[in-house]
Amino acid sequence: YFSKTISDILNSLFYPVQFISEAVLVITVIAVMGINSTVIYLVTILVILPDIFIATQIGIKNIDEEMLELGKVYTDDKLSIFKNIVLPQVNSYIFAGLIRAHATAWEIVATAEVFLALNGIGYLIQNQFRLLNLPKLFSLVLLLLLAALASDRVLRLLKLILTVEVDKDEFSKNRKLN
């Protein structure tokens, strides 16, 4: 559905990043930018984009060509074809990438918060660890865990609301009957 050239360029950018450890990325970005909150966000983006891209790319490769051709017969409007044929077929793949990326992002952010934080919950966790205040330390870690689980639940609910299951077998049966 999309240009092979664009796909090849994005592949050459995203695939190599998957083989670089998050720790190496953090150290490299810190060496370039110094220690600040931007490092966490930049590394997170570098690590999660391949998950989203690859899942979406797999979804695009699995688009039912017959449905796409049928859509082109009824309209020339590319936006309408994208909205009504392509997006419903690719949505579940996009959300699979987003859910995986979301989990990875939380791993990176939680770890970075504990080791690099200059303020916020990571800073509080560091302080409580240094003071050996275990009840507050565990409550802060639990708070971080609950925030991760809550945001995961919201993302999964969005997936349920926005993803429409496309039954390709039913489409094929109806097409043969007509």
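Note that this is a predicted model, so its numbers are computed, not measured. The numbering scheme is per chain: residues are counted from 1 as the chain's sequence reads. Local features in this predicted model are restricted to residues of pLDDT 70 or higher, and side-chain atom pairs are both shown and tallied only at a pLDDT of 80 or more, whereas totals for entire chains, interfaces and linings draw on every residue. The side-chain quantities take in all heavy atoms of the structure and omit both hydrogens and water.

Here we take up the overall build of the protein chain. To qualify as a helix, a DSSP run of H or I must reach at least 4 residues; to qualify as a strand, a run of E must reach at least 2; elements of each kind are numbered from the N terminus. The helix and strand inventory of the protein chain stands at 8 helices and 0 strands. Listing every helix and strand of the protein chain by position from the N terminus yields α-α-α-α-α-α-α-α. Pairs at least 24 residues apart make up 66% of the contacts formed inside the protein chain by residues separated by at least 6 positions. The accessible surface values rely on the Shrake-Rupley method and a 1.4 Å probe; as for residues, cover is taken only from the protein chains in view. As displayed, the protein chain has an accessible area near 11900 Å², and 67% of this comes from carbon and sulfur atoms. Working rule for contacts: check all heavy atoms of both residues, and any pair within 4.5 Å makes them a contact.

This part is about the pattern of salt bridges. For salt bridges, the criterion is a side-chain nitrogen of Lys or Arg within 4 Å of an Asp or Glu carboxyl oxygen. By the definition in use, this model includes 2 salt bridges. Two residues, Lys72 and Glu69, come together in a salt bridge whose shortest N-O distance is 3.9 Å. Placement of the pair is Lys72 and Glu69 together in helix α4 (residues 65-74), with a separation of 3 residues, close to one helical turn. Among the salt bridges present, the one from Asp152 reaches Arg156, with a minimum N-O distance of 2.9 Å. With Asp152 and Arg156 both in helix α7 (residues 134-162) and 4 residues apart, the pair spans about one turn of that helix.

Definition of nonpolar core: a set of buried residues of the types Ala, Val, Leu, Ile, Met, Phe, Trp, Tyr and Cys, connected through side-chain atoms within 4.5 Å. Only protein chains enter the area calculation, which uses a 1.4 Å probe; residues under 20% of their type maximum are buried, those over 50% are exposed, and those in between are partly exposed. Counting 8 residues, the largest nonpolar core is built from Ile60, Ile63, Met67, Leu68, Ile81, Ile85, Val86 and Val90. At the level of elements, α4 and α5 (78-116) are the ones that each hand at least two residues to this core. Top contributing element to this core by residue count: α5, with 4 residues. The next biggest cluster of nonpolar side chains, apart from the first, holds 7 residues, and it includes Val17, Leu25, Val29 and Val43.

Here we come to the environment of Thr44. With respect to the secondary-structure elements, Thr44 resides in helix α3 (residues 37-61). For Thr44, a relative accessible area of 8% gives the class buried. Among all residues touching Thr44, those that are not within four sequence positions of it are Ala105, Ile108 and Val109.

What follows is about unusual backbone geometry. The residue Leu132 is not glycine, and still its phi comes out positive at about 55°. Topologically, Leu132 is positioned in the loop between α6 (120-130) and α7. Using a relative accessible area of 64% as the deciding quantity, one classes Leu132 as exposed.

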